[in-house]
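Close look at the chain arrangement
Here are the chains, one letter per residue:
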Amino acid sequence: MKDISLNTNEYLPLREVVFHTLREAILTGELEPGEHLMEVKLANKLGVSRTPVREAIRKLELEGLVVMTPRRSAEVAKITKEDLIDVLEVRKVLESLAIELSCKNRSEEDLIKLRENLKCFKLYINKNSVTEIATTDVQFHEIIYNSTGNRRLNQILYNLREQMYRYRLEYIKDRQTRKNLILEHDEIIQSIQERDIERAKKAILIHIEKQEETILGNMDKNL
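A brief structural summary. The residue count restarts for each chain, going from 1 along the sequence in the order it is written. Per-residue local features of the predicted model are confined to residues with pLDDT of at least 70, and side-chain atom pairs are confined, for both listing and counting, to 80 or more; whole-chain, interface and lining totals are unaffected and use all residues. The side-chain values count all of the structure's non-hydrogen atoms but skip hydrogen atoms and water molecules.

On to the overall build of the protein, then. In this description a helix means any DSSP run of H or I spanning at least four residues, a strand means any run of E spanning at least two, and both kinds are numbered starting from the N terminus. Of the regular secondary structure elements, the protein holds 9 helices and 3 strands. In the protein, the succession of helices and strands from N to C terminus is α-β-α-α-β-β-α-α-α-α-α-α. A radius of gyration in this sense is built from C-alpha atoms; the matching globule rule multiplies 2.2 Å by the number of residues raised to 0.38. Here the protein has a C-alpha radius of gyration of 19 Å; the compact-globule value for 223 residues is 17 Å, and the two agree. Its C-alpha atoms put the protein at 55 × 45 × 30 Å along the principal axes. Each of the 223 residues in the protein was classed as buried or not, and the buried ones make up 46%. Partitioning the intrachain contacts of the protein with sequence separation of at least 6 by distance along the chain shows that 74% fall at a separation of at least 24. Per-residue accessibility, obtained with a 1.4 Å probe over protein chains only, is compared with the maximum for each type, and a residue is labelled buried under 20%, exposed over 50%, and partly exposed between these values. Residue contacts are counted whenever heavy atoms from the two residues lie within 4.5 Å of one another.

Here it is in structure tokens:
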């Protein structure tokens, strides 16, 4: 188990702070797939009692980030092909709708944000900063979601984004894909700028399908 520290937030109850801390550790890979979550060990590391740790683990189980083994011990859920394919099937449909609405409703300010994001994305790729690359990639898609003007769609995509983060990290770890990502993001920005819905939909689907192909390929290599 890697070192993890409590993400303090004075406005949240302790059980929620522990939950968010463990959740982030799983999403970023600090707690690795298949790793056992021992209540006593985690409580000692975080400097809390076992009760908020136990409550956090139960909540993480409901989110599918933790699974309980037959002996009722908890472990971080493994990244599987089936889960990836399921998530990406939903993502393709929702992002196609999002980018269509973005083409119709985006503002000049949204375009400025997308271009600034692309500059940061290039910078972090040059620095080989995996976490910042992943975070900036998430922000790129969030700018598109926010530009749709559809709050309900934005909320659904936000929930899906959390499930995608683990897979996004696996994708970005592959250095060969990073230059392609810059080109893909640029194509998406251009199509939104020109309000070309068909071009934009094609660009986002290619973007997602390449991600799926790369991650599945890496999974096969690790078998």
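The rest of the description comes next.
The next subject is the packing of aromatic side chains. Aromatic pairing here means that ring centres of Phe, Tyr or Trp (its six-membered ring) are within 6.5 Å. Orientation follows from the plane angle: under 30 degrees is stacked, over 60 is edge-to-face, and everything else is tilted. In this structure the tally under the stated criterion is 0 aromatic pairs. A cation over a ring is seen here: Lys59 above Phe19, with NZ or CZ 4.5 Å from the ring centre. Charge over a ring is defined by NZ of Lys or CZ of Arg lying within 6 Å of the ring centre and within 35 degrees of the ring normal.

Side-chain atoms within 4.5 Å are what join buried Ala, Val, Leu, Ile, Met, Phe, Trp, Tyr and Cys residues into a set we call a nonpolar core. The biggest cluster of nonpolar side chains holds 62 residues, and the ones touching the most others in it are Leu22, Leu37, Ile188 and Ile192. Top contributing element to this core by residue count: helix H7 (residues 151–172), with 9 residues. With sequence-adjacent residues up to four places away left out, Ile192 is seen in contact with Ile99, Ser102, Cys103, Arg106, Leu111, Leu114 and Ile144.

With that settled, the discussion passes to helix H1 (residues 14–27). The terminal C-alpha atoms of H1, which comprises 14 residues, lie 20 Å apart, in line with the 20 Å expected from a rise of 1.5 Å per residue. Burial of H1 is extensive: 10 of the 14 residues sit out of reach of the surface. The complete set of buried residues in H1 reads Glu16, Val17, Val18, Phe19, Thr21, Leu22, Arg23, Ala25, Ile26 and Leu27. Gly29 sits one or two residues past H1 and shows a positive phi near 90 degrees. Here a helix's expected span is defined as the number of its residues, less one, multiplied by 1.5 Å.

The next subject is the pattern of salt bridges. A carboxyl oxygen of Asp or Glu within 4 Å of a side-chain nitrogen of Lys or Arg is what we treat as a salt bridge. Tallying each qualifying case throughout the model produces 14 salt bridges. The salt bridge partner of Glu116 is Lys119, with a shortest N-O separation of 3.5 Å. One end of the pair, Glu116, and the other, Lys119, are both in helix H5 (residues 108–127), 3 residues apart, so they sit about a helical turn from each other. A residue is classified by how much of its surface remains accessible, and Glu116, at 40% relative accessible area, is partly exposed. For Glu194, the salt bridge goes to Arg199, with nearest N and O atoms at 2.9 Å. Look at Arg199 and you get partly exposed, because its relative accessible area is 26%. Each of Glu39, Arg50 and Arg54 takes part in a single network of salt bridges with overlapping partners.

Time to look at the packing of helix H4 (residues 81–105) against helix H9 (residues 197–221). Packing of H4 against H9 brings their axes to within 9 Å, and their N-to-C directions diverge by 160 degrees. One way to sum up the angle between H4 and H9 is to call them roughly antiparallel. Considering the relative orientation of H4 and H9, their crossing is right-handed. Asp, Glu, Lys and Arg are counted as charged, while Ala, Val, Leu, Ile, Met, Phe, Trp, Tyr, Cys and Pro are counted as nonpolar; the rest, among them Gly, fall into the polar class. Class assignment for the residues of the contact of H4 with H9 results in 13 nonpolar, 3 polar and 10 charged. For helices, the fitted axis covers only the stretch in contact; all axes are lines through C-alpha atoms, and the angles between them, taken along N-to-C directions, range from 0 to 180 degrees. In this scheme, roughly parallel covers angles under 35 degrees and roughly antiparallel covers those over 145, while 65 to 115 is roughly perpendicular and the rest are oblique. Put simply, a crossing is left-handed when the front helix is turned counterclockwise from the back one by less than a right angle, and right-handed when it is turned clockwise.

Strand pairing follows a simple DSSP-based rule, namely that at least 2 bridges must link the two strands. Judged by pairing direction, the sheet is antiparallel, and its 3 strands sit side by side in the order S1-S3-S2 without closing on themselves. Strand pairing shows two members of the sheet lacking a second neighbour, strand S1 (36–37) and strand S2 (66–68), which therefore form its edges. Examined bridge by bridge, S2 and strand S3 (residues 74–76) share 3 bridges and lie antiparallel to one another. When the bridges of S3 are listed, Met68 appears paired with Ala74. Against the sheet, helix H3 (residues 50–62) touches S1, S2 and S3, its axis set at about 100 degrees to S2.

Spatial relationships are all this shows, so hold off on functional conclusions.
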